[in-house]
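Residues per chain are reported as follows:
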Amino acid sequence: MVVLQRPVDLDDVQAIEALDSMGMFGTTRDLPEQCSRALDTAADVPLPAGGTFQNIVVTGLGGSAIGGDLLRVYAFTCLDIPVTVNRGYTLPRFAGPRTLVLAVSFSGNTEETLGAYNEARRRGAAIVAVTSGGQLAAQARRDGVPLITVPGGIAPRSAIGYLFLPLLMLLDRLGLVNGIEAEAAEAVRILRELRIRYDLEAPLTENPAKQMAMNLQGRIPVIWGASTTTEAVAQRWKGQINENAKAPAYWNVLPELNHNEIVGFQAPTDNLHRIWLVFLRDPDDHPQVQKRFAVTREIVGKVVAGVSEVEASGKGLLARMFSLIYLGDYVSLYLACRYGINPGPVEVIDRLKSTLAKGE
Ligand code: PA5
């Protein structure tokens, strides 16, 4: 892994490209186009047999699970059945023949997801597998399970379009949601507009993503969203900062955090001075939640290093979610550069997986 341990000038494109051995900036730049392509990947997959589903379980881990969280939040306002995100080896007790299980693993080799897939088979659930290959693809083909194949060769977390939008398209084809193509088209348009503002060529003085990374450097980012709108996006920001910048970050949502976490902003002040709060704002947040953001800022704003508020762009929920995701993705990459760290490799995860695979 390339570790310079000295900050890279965020306007030095050459130095950033030299650090970024896996081309994370390139795949981030490509996100709008990835989202367009992603819609097609679910177009021809055979629909799972099983008729009327009582619930949906998305099973996956890390970069392959966050698409499930986005789906769960999206579904909150428009789906008649519950969506649960499952991160583990088994499945919740309710999962059975009337459950649609979406088994998502970018590599296709994540042992927890393979375990949950096998459990879904045993329970007689309807399954769709989403992967770029590996054992999951092989097993799905062998079992005659519908398979959405996504392109490989990038980091799982860079494949957010491929790992989220096909799930939505599938639900659209099953008649469970509608209008996804039009919503996705808006998201792609907004992402293309934001790319001009966030990408490497936009200088620090005009680039909100670079400016946010400068604010977060040397600080502990705490990302606060709101349940039913920006909840999964806050979680995505946290994960991207962890994996790209190799730095700690935390997330939570309003109104819940008003009932516990906010009390923890009183002592010790030395620690609190290291925190930078990022509020993810969505115009569709409940009016009381909008007020809560303002009051919360008044209460904690003075004890932390700083507070940034960022507003979602777009009309539809998909565009709004992706607009905030895009900012967080770029911020995490620029933060990696400020730490002199190659954003791509996640050696700790790889080491853990191989140690467990060897049974040590
Ligand atoms: O971002 C990552 O590399 C991880 O969070 C992976 O997504 C996670 O370990 C699961 O692997 P996979 O996505 O291949 O199932």
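That block above? That's the structure.
Let me begin by describing the structure that accompanies this report. Since the model is a prediction, treat every value here as computed from it, not as a measurement. Once a new chain begins, its residue numbering starts again from 1 and follows that chain's sequence as written. Where totals are concerned, whole chains, interfaces and linings use all residues; where local detail is concerned, this predicted model gives features only for residues with pLDDT of at least 70, and gives and counts side-chain atom pairs only at 80 or more. To get the side-chain values, take all heavy atoms of the structure and skip hydrogens and water.

### Some points on the sheet that holds strand E3 (residues 99-105)
Criterion used throughout: strands pair if DSSP finds at least two bridges between them. By definition, any uninterrupted DSSP run of H or I lasting at least four residues is a helix, any uninterrupted run of E lasting at least two residues is a strand, and each is numbered from the N terminus. Ordered in space as E2-E1-E3-E4-E5, the 5 strands form an open sheet in which the pairing is parallel. Each edge of the open sheet is held by one strand with a lone partner, namely strand E2 (83-86) and strand E5 (147-149). Going across the sheet, the axis of each strand differs from the next one's by a mean of 15°, ignoring polarity. Relative to strand E4 (residues 126-131), E3 runs parallel, the two sharing 6 bridges. The residue of E4 that forms the bridge with Leu100 is Ala126. It only takes one pair of heavy atoms within 4.5 Å for two residues to be counted as in contact. In this analysis an axis means a line fitted to C-alpha atoms, helices contributing only their contacting stretch, and an angle means the value between N-to-C directions, from 0 to 180 degrees. Along the sheet, helix H5 (residues 111-123) makes contact with strand E1 (55-59), E2, E3 and E4, crossing E3 at roughly 155°. In the packing of helix H6 (residues 134-143) onto the sheet, contacts are made with E3, E4 and E5, and the angle to E4 comes to roughly 145°.

### A closer look at the packing of helix H4 (residues 66-75) against helix H13 (residues 317-338)
Put simply, H4 and H13 touch, their axes get as near as 11 Å, and they point 145° apart. Along this stretch, H4 crosses H13, giving a crossing that reads as right-handed. Contacts between H4 and H13 involve Leu70, Val73 and Tyr74 from the first element and Leu317, Leu318, Met321 and Ile325 from the second. Of the residues belonging to the contact of H4 with H13, the class tally is 7 nonpolar, no polar and no charged. Left-handed describes a crossing in which the near helix is turned anticlockwise from the far one by less than a right angle; the clockwise case is right-handed. Under the scheme applied, nonpolar residues are Ala, Val, Leu, Ile, Met, Phe, Trp, Tyr, Cys and Pro; charged residues are Asp, Glu, Lys and Arg; polar residues are all the others, including Gly.

### A look at the sheet that holds strand E7 (residues 250-254)
With parallel pairing, 4 strands are arranged side by side in an open sheet as E7-E6-E8-E9. Looking at strand neighbours, the two that pair on one side only are E7 and strand E9 (306-311), the edges of this open sheet. Each adjacent strand pair in this sheet contributes to an overall mean axis angle of 25°, direction not counted. Bridge count between strand E6 (residues 220-226) and strand E8 (residues 275-281): 5 bridges; the pairing is parallel. Looking at E8, one finds that Trp224 is bridged to Phe279.

### Structural notes on the site of the ligand
For the ligand, the full set of nearby residues is Leu61, Gly62, Gly63, Ser64, Ser105, Phe106, Ser107, Thr110, Pro156, Glu243, Ile349 and Lys353. Identification of polar contacts relies on pairs of N or O atoms within 3.5 Å, with a donor-acceptor requirement for protein atoms, meaning one able to donate a hydrogen and the other able to accept it, and with residues adjacent in sequence counted only if both atoms are side-chain atoms. Ser107 has a polar side-chain atom sitting 2.6 Å from an oxygen atom of the ligand. One of the side-chain nitrogen or oxygen atoms of Glu243 is found 2.5 Å away from an oxygen atom of the ligand. Residue burial considers only the protein chains on display, and all accessible areas are found by Shrake-Rupley using a 1.4 Å probe. A total of 370 Å² of accessible area belongs to the ligand in isolation, and the protein chains cover 93% of it. Only protein atoms enter the 1 Å grid, on which a cavity is a set of points fitting a 1.4 Å probe that cannot get out and a pocket is an open set with protein on both sides within 12 Å along at least 5 of 7 lines, lining residues being those with an atom within 4 Å of a point. In this description, a molecule resides in a pocket or cavity if more than half of its atoms sit within 2 Å of the grid points defining it. Among the detected pockets, the ligand sits in the largest pocket. Nearness is judged by heavy atoms alone; a residue qualifies as near a molecule or strand once a single heavy atom is within 4 Å of it.

### Notes on the pattern of salt bridges
Salt-bridge detection follows one rule: a side-chain nitrogen of Lys or Arg within 4 Å of a carboxyl oxygen of Asp or Glu. Applying the stated criterion across every chain yields a total of 19 salt bridges. The closest approach of N and O atoms between Asp199 and Arg29, which form a salt bridge, is 2.5 Å. Highlighted residues: Asp199 in the loop between helix H8 (180-198) and helix H9 (208-216) and Arg29 in helix H2 (residues 24-29), separated in sequence by 170 residues. Among the residues examined, Asp199 registers a relative accessible area of 9% and is labelled buried. One salt bridge in this structure joins Arg192 and Glu33, with 3.1 Å as the shortest N-O distance. In this pair, Arg192 sits in helix H8 while Glu33 sits in helix H3 (residues 31-41), placing the two residues 159 residues apart along the sequence. Each of Asp69, Arg72, Arg87 and Glu231 takes part in one network of salt bridges that share partners. Here's how the labels work: a residue is buried when its accessible area is under 20% of the maximum for its type, exposed when over 50%, partly exposed in between, all with a 1.4 Å probe on protein chains only.

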